[in-house]
Amino acid sequence: MMPFLAAVDPWILTFSAITVVVTVAMGFWSAKKSKTASDFFVAGRSVSVGWNSSAISGEYLSAASFMGVAGMVMSSGYDALWYPVCYACGYLFLLLFIAGPLRRFGAYTIPDFAEGRFDSPIFRKIAVIFVLFIGFFYTMPQMKGAGVTLAYIFKDIEWFGGVKGLPYWVGVVLVGSVITLNVALGGMKGITLVQAVQYWIKMFAISLPIFVLMSVHSHYGNHLQANSVKPAVGMISEGDTSTSLEAAAAINRKALSEKAPKDETWINPFGPLTTKAAKAAGLSAAESRPYSLLYTYSLIIALVCGTAGLPHILVRFYTNPDGVAAKRTTMWVMILIGVFYVFPPVFGVMGRNLMPELYNGLAGVKGTDGVVLNLPLILTEKYGTLGAVLSGITCAGAFAAFMSTFSGLLVSMTGALAHDIYGRILRPKSTPEERMKMFKYCAVICGAGAILLGFFVETFEINKLVGWAFAIAATSYFPLLFLATWWRNITMKGAATGMLAGGTLSLTAIASTMLADQAKWAEGLKIWYTSHPLARTLAEQPAIWALPLALALMIVISRLTRSEVPADIRMKMLVLHAPEKLGLKQEYIQEHQQGH
Amino acid sequence: MQPPEKPDIHSESFLHMLMQRQLRLSIACAATFLVALFGLPLFNYFAPELMATRVFGFTLTWLIVGVLFFPLVWIISWIFIRRSIALEEAEVEEVTRGNAPTDRK
């Protein structure tokens, strides 16, 4: 039997352990400072722009961004670039239409907003269900990231009886319980600091290895140049390959395995990711392009609008002191995550040229999803420990990624349970102390639920799971928030119908494609989808029809029930849109209290 | 000439003006962004050779999506924030002009 620790790379272990210890220590430290209910739910609404934008970025950049994007660029090429771009640009929609008004309204959570805007306790319940639903969807890929990364770190350990490696579930349980403890102790204020620091860990961990790798193995552009020219499809001219051959020679590219997509489909738009349905139907490359374009547009809509409808991101806007700060924060978030997202695709591009053996690996870190963790090891040949050190740094970044996103999700789900369900629905007369105690219990309940769900997703693709959460948010919360802030005639029934229809239909569509791919009893559906590539594309990426459908339903039903528009709608719209300096918010709250 | 009348912040016309101004700004910024975002796949579709031109080793479309798109979004959001804060200040100015804050309804 091998000695216990000798089998684990000391650098990887050290860096990962430091990240975990720092997270826990900071959580404890700031837990002492979190005292009031407001500290727990919205960090006392007093987080400065710098801290808050780092914290939002830290929360947002999940395992999907840190590992999944690089893996997807490596496996699918150009089309996967839409993920990082839209993850970052979605914030623009949030900034333009939602951030300022939402903050001015002065609610604690999205369900608070839903109830306050429509004067409807029932709508709060619907909104709560969606918070929990999207939240749990989004925790699954984080849990998978945790399980897979820990299994990677301890892959060579040998236990008694010759069992090798660490089972997947250990990482899920370990990381899940550490974060649950952190959230239960410190609430929102506790994790704000932690997440802010974790952004900078991730930024450092993704950029430094790239700069080192580029200085040794040539820069980004040269690596792309090595994937020879030629636009796709019939209209190819006789391109000259001489320049590309030169660059390829300079890069010392390894031979691609058979599972890797060809250069031409990889580097050009409308490649393997977006043409899958059409290819399955046996269409030619030229015939499959329209489907591919459709897929691309639908993906863009889901990601851009989904970002603006993610509850765990939206809840963060309530931690700003005012609407102007909320706007400034959004701008900084876009800069921080935009800079970050330039790097993961570089890992994918370099991985394709330098570590093509990952194409042969199965799911998890042995496959392309693990390129961020594995790629720095190619430096080991030339520079010895440098490779292991850098790999240790990217492992630490991966830890920071799934820990920070998971804590953010846990806070928003716990908030929904403790504040909306317990504090508003079950026991509206509970004291602040009781609510705070409840926050802790709910954190444990949600954490345990997330860990349980994490056990079932080992075989799913990280980025795909996240994509679903985005598609559901884009077709349920986004239309709700957009219309509720800008259209005064929306009624509760209209909003609820649109949100439920959009959310459930897109979920059903996505789930049907998953079943067709994986379940044996859904064979008939699979055959049907194979012969109907248009239906398959629309089901896999439902945003392009589900979002307009949700908006249309909201408008039509609101028109039909126009007598139910809240009586004080002008005041509500004024609170949403008038600058805080006019002092309308306090007025609104006083009037509201007198009214009761 | 008399100074223009102070708008009543609880009036329908004030709310209308407020929302219209802000929405116009938001839509102008969103339109710029959407033209770029939705235009790019169209260029990829109809002008694949142009978009595959090599620039510093990148294909043109890769360079735009992978790198240049981020600064574009920063510029749009910077312009939006400057204008929207200026709008808010103008609104506050209009309402409070020449009136003591105690006058509030």
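The rules behind each value
Residues numbered from 1 in each chain as written. Chains lettered and ligands numbered in written order. Predicted model: local features only at pLDDT ≥ 70, side-chain atom pairs only at ≥ 80, totals over all residues. Helix = DSSP H or I, 4+ residues; strand = E, 2+ residues; numbered from the N terminus. Buried ≥ 20, exposed ≤ 12 C-beta atoms within 10 Å, placed from the backbone. Contact = placed C-beta atoms within 7 Å. pLDDT = per-residue confidence, 0-100. Core = buried A, V, L, I, M, F, W, Y, C linked by C-beta atoms within 7 Å. Nonpolar A, V, L, I, M, F, W, Y, C, P; charged D, E, K, R; others polar. Axes fitted to C-alpha atoms, helices over the stretch in contact; angles between N-to-C directions. Parallel < 35°, antiparallel > 145°, perpendicular 65-115°, else oblique. Left-handed = near helix turned anticlockwise from the far one by under 90°. Expected span 1.5 Å × (residues − 1). Bend = angle between axes of the 7 residues up to and from the residue.

## Considering the overall build of chain A
1) Next: Counting its secondary structure elements, chain A contains 26 helices and 0 strands.
2) Next: Among the 596 residues that make up chain A, the fraction classed as buried is 58%.
3) Next: Taking as baseline every contact in chain A between residues at least 6 positions apart, the subset at least 24 positions apart corresponds to 81%.

## Section: the environment of A:Met350
All names here are of chain A.
1) Next: You can see methionine 350 is positioned in helix α15 (residues 323-354).
2) Next: The exposure class assigned to methionine 350 is buried, which follows from the 26 C-beta atoms found within 10 Å.
3) Next: Sequence separation between methionine 350 and glycine 171 is 179 residues, and the spatial gap between their C-alpha atoms is 28 Å.

## Section: the confidence of the model for chain B
Residues and elements named next belong to chain B.
1) Next: On average, residues of chain B score 81 in pLDDT, and 85% of them reach the 70 mark or higher.
2) Next: Scored below 50 in pLDDT, residues 100-105 makes 3 contacts in the model with residues more than four places away or belonging to other chains.
3) Next: Scored as a complex, the prediction yields pTM 0.85 and ipTM 0.84.

## Side note on the nonpolar core
1) Next: Membership of the largest hydrophobic core comes to 205 residues, with the highest contact counts inside it found for A:Ala88, A:Leu92, A:Leu303, A:Cys305, A:Ala398, A:Ala474 and A:Ala495.
2) Next: The greatest single-element share of this core, amounting to 20 residues, is contributed by helix α18 (residues 385-426) of chain A.

## With respect to the interface of chain A and chain B
1) Next: With 47 residues of chain A at the interface, the matching set in chain B holds 44 residues.
2) Next: If you list the elements that add at least two residues to the side of chain A that touches chain B, you get α5 (82-105), α9 (220-225), α13 (285-307), α15 and α25 (569-577) of chain A.
3) Next: By residue number, the principal contributor to the side of chain A that touches chain B is α15(A), which donates 9 residues.
4) Next: Tallied by class, residues from the side of chain A that touches chain B come to 33 nonpolar, 9 polar and 5 charged.

## Re the packing of helix α4 (residues 63-76) of chain A against helix α7 (residues 121-153) of chain A
Residue and element names in this part refer to chain A.
1) Next: Closest axis-to-axis distance for the α4/α7 pair is 10 Å, and the angle between their directions is 70°. Taken together, α4 and α7 sit at an angle that is classed as roughly perpendicular. Between α4 and α7 lies a crossing of left-handed hand. Here α4 contributes Ala63, Ala64 and Met67 to the contact with α7, which in turn contributes Pro141, Gln142 and Gly145.

## Some points on helix α20 (residues 462-486) of chain A
1) Next: Under the 1.5 Å per step criterion, the end-to-end length of α20(A) is 35 Å for 25 residues, consistent within 8% with the ideal 36 Å.
2) Next: By the largest-angle criterion, A:Ala474 marks the main kink of α20(A), which is about 40°.

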